[in-house]
Amino acid sequence: MTTTINLDPKIRLKASKRAKKDNMSLSGVIRLLLNDYAEGKLRVGIVLSDESEFEVLSVDSDTQKTMDSIGQTWSSISSPHATRPGQKHRKTRVSKRTLSV
């Protein structure tokens with residue numbers, strides 16, 4: 001079966017070059033990743049690199065409660081390091097790269 005995937009040309013080129021360095025084709029990399037994802041061996045999420053910049057934002061208590069609730073929900077469904085009842089939340093940090101105002 002053939003599936004068409006729309007990719008940003010710059011990302012496709014960069015990924016193709018890296019795959020070639022690893023003696024693989026881009027389609028081979030995609031097949032491996034999709035197979036591991038389908039079998040639950042690969043988790044998709046956001047990981048911030050050490051190069052990310054953070055800014056601490058002040059919020060009112062109602063907004064903080066809402067953010068804590070959302071964070072707790074996300075953690076419980078997607079993170080192996082989910083916050084458990086009784087554990088303290090980490091401080092909320094926002095990446096400047098992903099924040100649109």
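Rules of the game
- Residues numbered from 1 in each chain as written.
- Predicted model: local features only at pLDDT ≥ 70, side-chain atom pairs only at ≥ 80, totals over all residues.
- Heavy atoms only, no water.
- Helix = DSSP H or I, 4+ residues; strand = E, 2+ residues; numbered from the N terminus.
- Buried < 20%, exposed > 50% of the residue type's maximum accessible area, 1.4 Å probe, protein only.
- Contact = heavy atoms within 4.5 Å.
- Expected span 1.5 Å × (residues − 1).
- Salt bridge = Lys/Arg side-chain N within 4 Å of Asp/Glu carboxyl O.
- Patch = residues over 30% accessible without salt bridge, like charges linked within 9 Å, V, L, I, M, F, W, Y side chains within 5 Å.
- Areas by Shrake-Rupley, 256 points an atom, 1.4 Å probe, with all protein chains shown as cover.
- Polar contact = N/O pair within 3.5 Å; in protein donor to acceptor, adjacent residues only side chain to side chain.
- pLDDT = per-residue confidence, 0-100.

This part covers the overall build of the protein chain. Each helix and strand in the protein chain was counted, giving 3 helices and 2 strands. When its helices and strands are written in sequence order, the protein chain yields α-α-β-α-β. For the protein chain, the residues scored as buried account for 6% of the 101 residues in total. Contacts spanning at least 24 positions in sequence make up 51% of the contacts within the protein chain whose residues lie at least 6 apart.

Compared with the 18 Å implied by 1.5 Å per residue over 13 residues, the 18 Å span of helix α2 (residues 26-38) between its first and last C-alpha is a close match. The first or second residue beyond α2 is Gly40, which carries a positive phi of 80°.

We now examine the pattern of salt bridges. Per the stated rule, a full pass over the model turns up 1 salt bridge. Residue Glu39 is joined to Lys41 by a salt bridge in which the shortest nitrogen-to-oxygen separation is 3.1 Å.

Now for the environment of Val59. You can see Val59 is positioned in the loop between β1 (54-55) and α3 (61-78). Apart from the residues lying within four places of it in its own chain, the contact partners of Val59 are Gln64 and Met67.

This part covers a nonpolar patch on the surface. On the surface, Leu33, Tyr37, Leu42 and Val44 cluster together into a nonpolar patch covering about 390 Å² of accessible area. Mapped onto the elements of the fold, Val44 is located in the loop between α2 and β1.

With 13 residues, helix α1 (residues 9-21) extends 18 Å between its outermost C-alpha atoms, agreeing within 8% with the 18 Å of an ideal straight helix rising 1.5 Å per residue. Burial analysis of α1 places just 1 of its 13 residues in the buried class, which makes it a mostly uncovered element. For α1, the N-terminal cap is Asp8; the gap from its side-chain oxygen to the backbone nitrogen of Lys10 is 2.7 Å. With its phi angle positive at about 60°, Asn23 sits one or two positions after the end of α1.

Attention now goes to the confidence of the model for the protein chain. Scored by pLDDT, the protein chain has a mean of 78; 75% of the residues are at 70 or more. Averaged pLDDT values over the elements of the protein chain bottom out at 46 in strand β2 (residues 94-95) and peak at 95 in α1.

This paragraph deals with unusual backbone geometry. Positive phi values are uncommon outside glycine, yet Asn23 reaches one of about 60°. Its place among the elements puts Asn23 in the loop between α1 and α2.

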